[in-house]
Amino acid sequence: MDPATVEEIGGHVRKAREKLRIARQLIELKGFDDSVSRSYYCMFHAAHAVLAALGYKSKTHSGLIQLFNKHVTDVGALPAEFTKWLNFDKDLRENGDYETAVSLSKEQAQSVLQHAETFLAGVES
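All figures in this text were calculated on a predicted structure; none of them were measured in a lab.

What counts as what
- Residues numbered from 1 in each chain as written.
- Predicted model: local features only at pLDDT ≥ 70, side-chain atom pairs only at ≥ 80, totals over all residues.
- Heavy atoms only, no water.
- Phe/Tyr/Trp six-rings, centres within 6.5 Å; stacked < 30°, edge-to-face > 60°.
- Helix = DSSP H or I, 4+ residues; strand = E, 2+ residues; numbered from the N terminus.
- Buried < 20%, exposed > 50% of the residue type's maximum accessible area, 1.4 Å probe, protein only.
- Salt bridge = Lys/Arg side-chain N within 4 Å of Asp/Glu carboxyl O.
- Axes fitted to C-alpha atoms, helices over the stretch in contact; angles between N-to-C directions.
- Parallel < 35°, antiparallel > 145°, perpendicular 65-115°, else oblique.
- Left-handed = near helix turned anticlockwise from the far one by under 90°.
- Contact = heavy atoms within 4.5 Å.
- Nonpolar A, V, L, I, M, F, W, Y, C, P; charged D, E, K, R; others polar.
- Core = buried A, V, L, I, M, F, W, Y, C linked by side-chain atoms within 4.5 Å.

**With respect to the packing of aromatic side chains**
For the coordinates displayed, the defined rule picks out six aromatic pairs. Here Tyr40 and Phe44 contribute two aromatic rings whose centre-to-centre distance is 6.1 Å and whose plane-to-plane angle is 40°, an arrangement assigned as tilted. Here Tyr40 and its partner Phe44 are both found in helix H2 (residues 32–54), four residues apart, which amounts to about one turn of the helix. We classify Tyr40 as buried; its relative accessible area is 0%. Looking at Phe44, the relative accessible area reads 13%, which means it is buried.

**Let's talk about the pattern of salt bridges**
Under the criterion given, the structure shown has eight salt bridges. With its nearest N and O atoms 3.1 Å apart, the salt bridge here joins Arg24 to Glu117. Of this pair, Arg24 sits in helix H1 (residues 3–28) while Glu117 sits in helix H5 (residues 106–124), and the two are 93 residues apart along the sequence. Take Glu117: its relative accessible area is 29%, and that puts it in the partly exposed class.

**Side note on the packing of helix H4 (residues 81–98) against H5**
Direction vectors running N to C along H4 and H5 enclose 140°, while the axes themselves pass 11 Å from each other. By the angle between their directions, the pair H4 and H5 is classed as oblique. Seen from above, H4 lies across H5 with left-handed handedness. For the pair formed by H4 and H5, the contact residues are Phe82, Trp85, Leu86, Asp89 and Leu92 on the first element and Gln108, Val112, His115, Thr118, Phe119 and Gly122 on the second. Residue composition of the contact of H4 with H5, by class: six nonpolar, four polar and one charged.

**A closer look at unusual backbone geometry**
Not every positive phi belongs to a glycine, and Lys30 is a case in point at roughly 65°. Looking at the secondary structure, you find Lys30 in the loop between H1 and H2. We classify Lys30 as exposed; its relative accessible area is 64%.

**A few points about the nonpolar core**
Within the largest apolar cluster, 33 residues are counted, with the highest numbers of intra-cluster contacts made by Met43, Phe68, Leu86 and Phe119. Among the secondary structure elements, those contributing two or more residues to this core are H1, H2, helix H3 (61–73), H4 and H5. If you tally residues by element for this core, the top one is H2, at 11 residues. Apart from the residues lying within four places of it in its own chain, the contact partners of Phe119 are Met43, Ala46, Ala47, Phe68, Phe82, Trp85 and Leu86.

**Things to note about the environment of Leu51**
Position of Leu51 among the secondary structure elements: in helix H2. Between the alpha carbons of Leu51 and Asp89 there is a distance of 19 Å; along the sequence they are 38 residues apart. If near-sequence neighbours (up to four positions away) are discounted, Leu51 is found in contact with Tyr56, Leu64, Leu67, Phe68 and Val72.

This is the structure:
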């Protein structure tokens, strides 16, 4: 594998771990919208790491999800629910980040955090 690719994969994994750490702290601080965002970005970076290892890149969130589904979950490398989480949690993240009349709940933040923890653990294994 190209050294640049190894560095890119490691960078995405480091980012994913950092986003997960911050997501946990934000729940404690009652920053539920931001916790959902950080949890989603944990999965986003973990998915980028897997795709980089397979030789794929995406410039968009929807492209990332499509590539991840096609080359990772559709072939059984990781559970299909990982793609579902990326889709659903991306929408929650967008609501929390952009909708002024929406505030995400502690339960939603905890659910997305659990998705992110499971997602990252699956990618790292």
